[in-house]
Amino acid sequence: MGQKNGTIAILGSTGSIGTSVLDIVDRLNGRFRVVALAAGSNLALLAAQVEKYEPALVSVSARRDAEKLRRLSGSRRTRIVHGPGGAAEVARFDGAGIVVSAITGMSGFGPTLEAVKAGRRVALANKESMVVGGAVLRREAARSGAVIIPVDSEHSGVFQCLGRTRRRDVRRVILTASGGPFLKTPLKDLGTKTLEEALRHPRWIMGKKVTVDSATLMNKGLELIEARWLFDLDPSRLDVLIHPQSAVHALVEMRDGSVLAQLSATDMRIPIQYALTWPERLDSGLPGLDLAGTGRLEFCPVDERRFPLFGIARQALKAGASLPVALNAANEVAVGAFLAKKIFFGDIHAVVGKVMEGHRTRPADSVEAIIDIDKDARREARRHIPQR
Ligand SMILES: NC(=O)c1ccc[n+]([C@@H]2O[C@H](COP(=O)([O-])OP(=O)(O)OC[C@H]3O[C@@H](n4cnc5c(N)ncnc54)[C@H](OP(=O)(O)O)[C@@H]3O)[C@@H](O)[C@H]2O)c1
C-alpha cells in the first residue's frame with residue numbers, strides 16, 4: 001500500500017459511521033493516519049477528535065462554530081474551515097489517499113463528488129449520493145480514476161461475492177433486510193408508531209435518519225438504487241429478501257445457478273475496515289460469526305403492504321431519471337418532520353407517495369439538474385406535510 005493510501009479524510013467524523021472508522025484506525029494501530037475531518041455541529045466530540053488525531057484540516061457546518069472549535073480544541077496545527085465549501089475542501093484534501101463519505105443525506109453528495117473528481121479511493125457510506133447522482137459519480141470516477149468501495153454492509157457483501165466476476169455471469173444480486181422493529185407489528189397499528197419505537201432497531205445501532213429508513217424499509221429501496229450504480233446492474237437483476245437474523249448480508253446468484261453469500265457478525269466495523277484495507281484483510285480483533293449461536297436463518301420476500309415505501313422506491317429504481325432524486329428529497333423532508341415529532345410514522349409514506357405521484361419525470365444527468373430536482377421535490381414535500 002502506498003504511503004498516501006494510509007492517509008484518511010473522514011466526512012461525517014462525529015457520526016455513527018465516522019466514529020467506527022476512527023475505532024478501526026485505533027485498532028489498526030499505525031496503519032492509517034487521519035489527516036482531515038468534516039462534521040456538522042457536534043463540537044465537543046469534534047474537538048476531542050482534533051486533539052487526538054491532529055488533522056491538518058477540519059470543517060464544521062456553521063461559520064460561528066469554526067471559532068468555537070478553535071477555542072475548544074486548542075489546536076494551532078489544524079486549519080479550520082466551514083460550510084459546504086469546507087466539507088468539499090476536506091473531500092479533495094491533497095494529503096488524503098482515502099476519503100470516507102459518511103455525512104447523512106443529500107448534504108453528502110457535493111463532498112462525495114469532490115472526492116471522486118479528485119481521484120481518491122472513496123469508502124462510500126453515504127448511499128444517498130449514489131441514489132441521486134449514481135450516473136454522474138460513475139462518469140466522474142471513470143474520468144479521474146477514483147475507486148468507490150462500498151461501506152454499507154449489504155454492498156460490501158455484494159462487492160466481496162462479486163470479486164472479479166464478469167457482469168454477464170451474474171443472474172441476480174440479493175440484498176438482505178432485517179425488517180426493522182415493525183416486521184411483526186399488526187398492520188393496523190403501524191401508522192401511529194412513535195419515534196422512540198421506530199428508533200429501536202433490533203440489530204444495528206446507527207444514526208437516526210438511517211434507523212427510521214430501516215423501519216419503513218426505504219433504506220432497502222435506497223440500497224437497491226445504490227447497488228444499481230455501484231455494480232452497474234440492471235434493476236431487473238436486483239432483489240431483496242427479509243432476513244431477521246442479519247447474518248447473511250448479500251447473495252450473488254451466478255448464471256450457472258451457483259449462489260455465493262457473504263456472512264459476518266452485525267458490526268459495521270467489519271465492512272468499514274474492508275473498505276479501508278481492500279484488497280487486503282487485516283486482523284483487528286473484530287468479532288467472528290457465531291452461527292450455532294444464531295440458530296435458524298430465515299428468509300422471506302418483502303410484503304409491500306407493510307412497507308409501501310419499499311414499493312415506491314422500487315418503482316423509482318425502474319423508472320430512473322429524476323425519480324430517485326425526488327424520492328430521496330421527499331423522504332429526507334418527511335423523515336426530518338417525523339424526527340422533529342411533527343408527523344406520525346404513517347405520514348412518511350403518505351408524503352413521499354404524494355410527491356412521487358405529482359412528479360414530472362425529467363433527466364437528472366448533471367449536477368445542476370439534480371440540485372434543481374432535489375429543491376423542487378423538497379418544496380413539494382413540505383407542502384404535503386400535515387399540520388398537526
Ligand atoms: N450507521 C450505520 O450503521 C450505517 C450503515 C450503512 C450506511 N450508513 C450511511 O452512512 C451515512 C451516515 O450515517 P450515520 O448513521 O453515521 O449518520 P449519523 O450518525 O447521523 O452521522 C452523520 C454525520 O454527518 C455529519 N453531518 C450531517 N450533516 C452535515 C453537513 N451538512 N455537513 C457536514 N457534516 C454533516 C454529522 O455531524 P454532527 O453530528 O457533528 O452534526 C455526523 O458526523 C448515511 O448516509 C447512512 O445511510 C450508515
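You'll find the structure just up there.
These remarks concern the structure in this document.

What to know about the sheet that holds strand E6 (residues 121-124)
- Strand order across the open sheet formed by 7 strands is E4-E3-E2-E1-E5-E6-E7, with parallel pairing between neighbours. Only two strands of the sheet have a single partner each, and these edge strands are strand E4 (79-82) and strand E7 (147-150). With strand direction ignored, the average angle separating the axes of adjacent strands in the sheet is 25°.

Considerations on the nonpolar core
- Membership of the largest hydrophobic core comes to 126 residues, with the highest contact counts inside it found for Leu-276, Leu-327, Ile-348 and Val-352.
- Per-element tally for this core: the top contributor is helix H15 (residues 323-339), with 11 residues.

Regarding the site of the ligand
- Near the ligand you find 24 residues, and of these Thr-14, Ser-41, Glu-128, Asp-152 and Gly-207 are the closest.
- With respect to the ligand, the backbone of Gly-12 contributes an N or O atom lying 3.3 Å from an oxygen atom.
- Ile-17 places a main-chain nitrogen or oxygen 2.9 Å from an oxygen atom of the ligand.
- Out of a free accessible area of 890 Å², the ligand has 82% covered by protein chains.
- Those elements that provide at least two residues to the shell around the ligand are helix H1 (16-27) and helix H6 (127-144).
- Broken down by class, the residue content of the shell around the ligand amounts to 8 nonpolar, 13 polar and 3 charged.

A word on helix H14 (residues 308-319)
- In this model, H14 (12 residues) spans 17 Å end to end at C-alpha, consistent with the 16 Å of a helix rising 1.5 Å per residue.
- Buried within H14 are the following residues: Leu-309, Phe-310, Gly-311, Ile-312, Ala-313, Arg-314, Ala-316 and Leu-317.
- In this fold, the buried residues of H14 make contact with helix H10 (208-216), helix H11 (218-230), strand E9 (238-242), H15 and helix H16 (345-358).
- In the stretch just after H14, Gly-320 is the one whose phi turns positive, near 65°.

Brief notes about the sheet that holds strand E10 (residues 248-254)
- The strand order E9-E8-E10-E11 describes an open sheet built from 4 strands, whose pairing is mixed. Since the sheet does not close on itself, it has two edges, and those belong to E9 and strand E11 (259-263), each with one partner. The mean inter-strand angle of the sheet, taken between neighbouring strand axes irrespective of direction, is 20°.
- Pairing analysis gives 5 bridges linking E10 to E11, with the strands arranged antiparallel. Directly across from Leu-251, in E11, lies its bridge partner Ala-261.

Here is what the cut-offs are and how they apply
Residues numbered from 1 in each chain as written. Predicted model: local features only at pLDDT ≥ 70, side-chain atom pairs only at ≥ 80, totals over all residues. Heavy atoms only, no water. Pairing = 2+ DSSP bridges. Helix = DSSP H or I, 4+ residues; strand = E, 2+ residues; numbered from the N terminus. Axes fitted to C-alpha atoms, helices over the stretch in contact; angles between N-to-C directions. Core = buried A, V, L, I, M, F, W, Y, C linked by side-chain atoms within 4.5 Å. Buried < 20%, exposed > 50% of the residue type's maximum accessible area, 1.4 Å probe, protein only. Near = heavy atom within 4 Å. Polar contact = N/O pair within 3.5 Å; in protein donor to acceptor, adjacent residues only side chain to side chain. Areas by Shrake-Rupley, 256 points an atom, 1.4 Å probe, with all protein chains shown as cover. Nonpolar A, V, L, I, M, F, W, Y, C, P; charged D, E, K, R; others polar. Expected span 1.5 Å × (residues − 1). Contact = heavy atoms within 4.5 Å.

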